[in-house]
Amino acid sequence: MRNTIRTLEKHKHEGRPITCLTAYDAGFARLLDSSDIDVILVGDSLGMVIQGHDTTLPVTIEHMVYHLEAVVRGTERAMLMADLPFLGDRDIPTALDQAGALMRAGAQMVKVECNGEHTELVRRLVTSGIPVCAHLGLTPQAVHRLGGYRVQGREVSAAERLQAEARALEAAGAQCLLLESISEALATRVTRAAQVPVIGIGASPECDGQVLVLQDVIGLTPRPPRFSRDFMTGSGSLRGAVAAFAEAVRTRSFPESGVHTFT
Ligand code: KIV
């Protein structure tokens, strides 16, 4: 039986960290599914790690559906989350069309890169039956507005704004939050305040779960981000690397404060 949002809520409630990795094809998805990874994210990071672009901006809804369908075919058990691609949020009808296409292809939750302007859009998706994970902090689709892949929310005002956005998005119906590249202290505060599961990447060991890009975990990324870890080293096999990631997350030995997190 597949994991669902109820599985993630139960994990949060019981203090059992949620494991999440990206996959973009049936073969790797099958490996993660049979390695007891709780959630597979079909991320628009595929633009960088599969298509070879410098950003996620070239990824279209057609690309997302193609890769998601392959992941669906390779899995039976993991919960499946998929990204709304760049400009999928340009207006509510477009967001409903594109998120609807992802749900029809087999996603159980749609991840939307959010800021304070997204509460109405999230409310409309949720009221139409589309579960939403609100991605906050470093939102890669905004890389050019942010001036690079930089840690977010470091100033007091920016941290307060992010906390308010997290509260507003949860109130609008987001059933999961994902925090990327923010200070450990801020990520910890947001996680403690949230009633919904909070998944971190470059965030805090106290988040309810951790996500990484699979290619970073298996040592395929030439210049991996500081918050990731190559679990292939010392594991000897792809399955060993995925198991080492899951074990490190579940024992909260990954991420390590100050090594994979930010002040
Ligand atoms: O697209 C992606 O893979 C993501 C993760 C880095 C969280 O958004």
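So, here's what we can say about the structure. Since this is a predicted model, take the numbers as computed values, not measurements.

A few words now on helix 1 (residues 5-14). For helix 1, the full list of buried residues reads I5, T7, L8, H11 and K12. Along helix 1, the residues classed as buried sweep out an arc of 160 degrees about the axis, all on the same side. Looking at helix 1, the residues exposed on the side facing more than 90 degrees away from the buried face are R6, K10 and H13. Elements in contact with the buried residues of helix 1: strand 1 (18-22), strand 2 (39-42), strand 3 (79-83), strand 4 (109-113) and helix 9 (184-193). Backbone nitrogen of R6 and a side-chain oxygen of the N-cap are separated by 3.1 Å at the start of helix 1; the cap is T4.

Right, let's get into the packing of aromatic side chains. Summed over the entire model, instances satisfying the criterion amount to 3 aromatic pairs. Between F231 and F245, the aromatic rings sit 5.7 Å apart at their centres with planes inclined by 85 degrees, giving edge-to-face as the arrangement. With a gap of 14 residues between them, F231 in the loop between helix 10 (214-217) and helix 11 (238-250) and F245 in helix 11 connect regions that are remote in the sequence. Given a relative accessible area of 0%, F245 falls into the buried group. Ring-pair connections join several aromatic residues into one group, and the members of that group are F231, F245 and F254.

With that settled, consider the nonpolar core. Formed by 82 residues in total, the largest nonpolar core has its most connected members in L21, L102, L179, L212 and F245. Look past the residues within four positions of L179 in its chain and what remains in contact with it is L136, L162, A187, V190, T191, V198, I199, G200, I201 and A203.

We now examine unusual backbone geometry. The linkage connecting F254 with the following residue, P255, adopts the cis geometry, with an omega of 0 degrees. The topology assignment puts P255 in the segment after helix 11. Despite not being glycine, D36 has its phi angle at roughly 65 degrees, a positive value. Along the chain, the position of D36 falls in the loop between helix 2 (26-33) and strand 2. Overall, the relative accessible area of 34% leaves D36 in the partly exposed class. Phi at R252 is positive, roughly 55 degrees, even though this residue is not glycine. Tracing the backbone shows R252 in the segment after helix 11.

Moving on: the pattern of salt bridges. Under the criterion given, the structure shown has 9 salt bridges. The salt bridge partner of E9 is R6, with a shortest N-O separation of 2.5 Å. Taken together, the residues E9 and R6, both in helix 1 and 3 residues apart, mark about one turn of the helix. One salt bridge connects R250 with D36, and the closest N-O pair in it is separated by 3.8 Å. With R250 in helix 11 and D36 in the loop between helix 2 and strand 2, this pair connects stretches of sequence that are 214 residues apart. Taking relative accessible area as the criterion, R250 reaches 23% and is therefore assigned partly exposed.

The next thing to look at is the sheet that holds strand 6 (residues 176-180). A barrel is described by the order of its strands in space; here 8 strands give the closed sequence 1-2-3-4-5-6-7-8, paired in parallel fashion. With strand direction ignored, the average angle separating the axes of adjacent strands in the sheet is 25 degrees. Where strand 2 meets strand 3, 4 bridges bridge the pair, whose relative direction is parallel. Counterpart to V39 in the pairing with strand 3 is M79. Sheet strands touched by helix 8 (residues 156-171): strand 5 (132-137) and strand 6. Its angle to strand 5, the strand with the most contacts, is close to 175 degrees.

This brings us to the pairing of strand 7 (residues 198-201). The two faces of a sheet get side chains in turn, since along a regular strand they alternate between them. Residue alternation in strand 7 divides its side chains into two sets, V198 and G200 and I199 and I201, and both sets are buried. As judged from the 4 bridges shared by strand 6 and strand 7, these two strands associate in the parallel manner. Across the sheet, L177 pairs through a bridge with V198, a residue of strand 7. In this view, the connection linking strand 6 to its parallel neighbour strand 7 by way of helix 9 has right-handed handedness.

Conventions and cut-offs
- Residues numbered from 1 in each chain as written.
- Predicted model: local features only at pLDDT ≥ 70, side-chain atom pairs only at ≥ 80, totals over all residues.
- Heavy atoms only, no water.
- Buried < 20%, exposed > 50% of the residue type's maximum accessible area, 1.4 Å probe, protein only.
- Helix = DSSP H or I, 4+ residues; strand = E, 2+ residues; numbered from the N terminus.
- Arc of directions from axis to C-beta.
- Contact = heavy atoms within 4.5 Å.
- Polar contact = N/O pair within 3.5 Å; in protein donor to acceptor, adjacent residues only side chain to side chain.
- Phe/Tyr/Trp six-rings, centres within 6.5 Å; stacked < 30°, edge-to-face > 60°.
- Core = buried A, V, L, I, M, F, W, Y, C linked by side-chain atoms within 4.5 Å.
- Salt bridge = Lys/Arg side-chain N within 4 Å of Asp/Glu carboxyl O.
- Pairing = 2+ DSSP bridges.
- Axes fitted to C-alpha atoms, helices over the stretch in contact; angles between N-to-C directions.
- Right-handed = clockwise from strand over helix to strand, strands pointing away.

Functional significance is not addressed by these values, which are geometric in nature.
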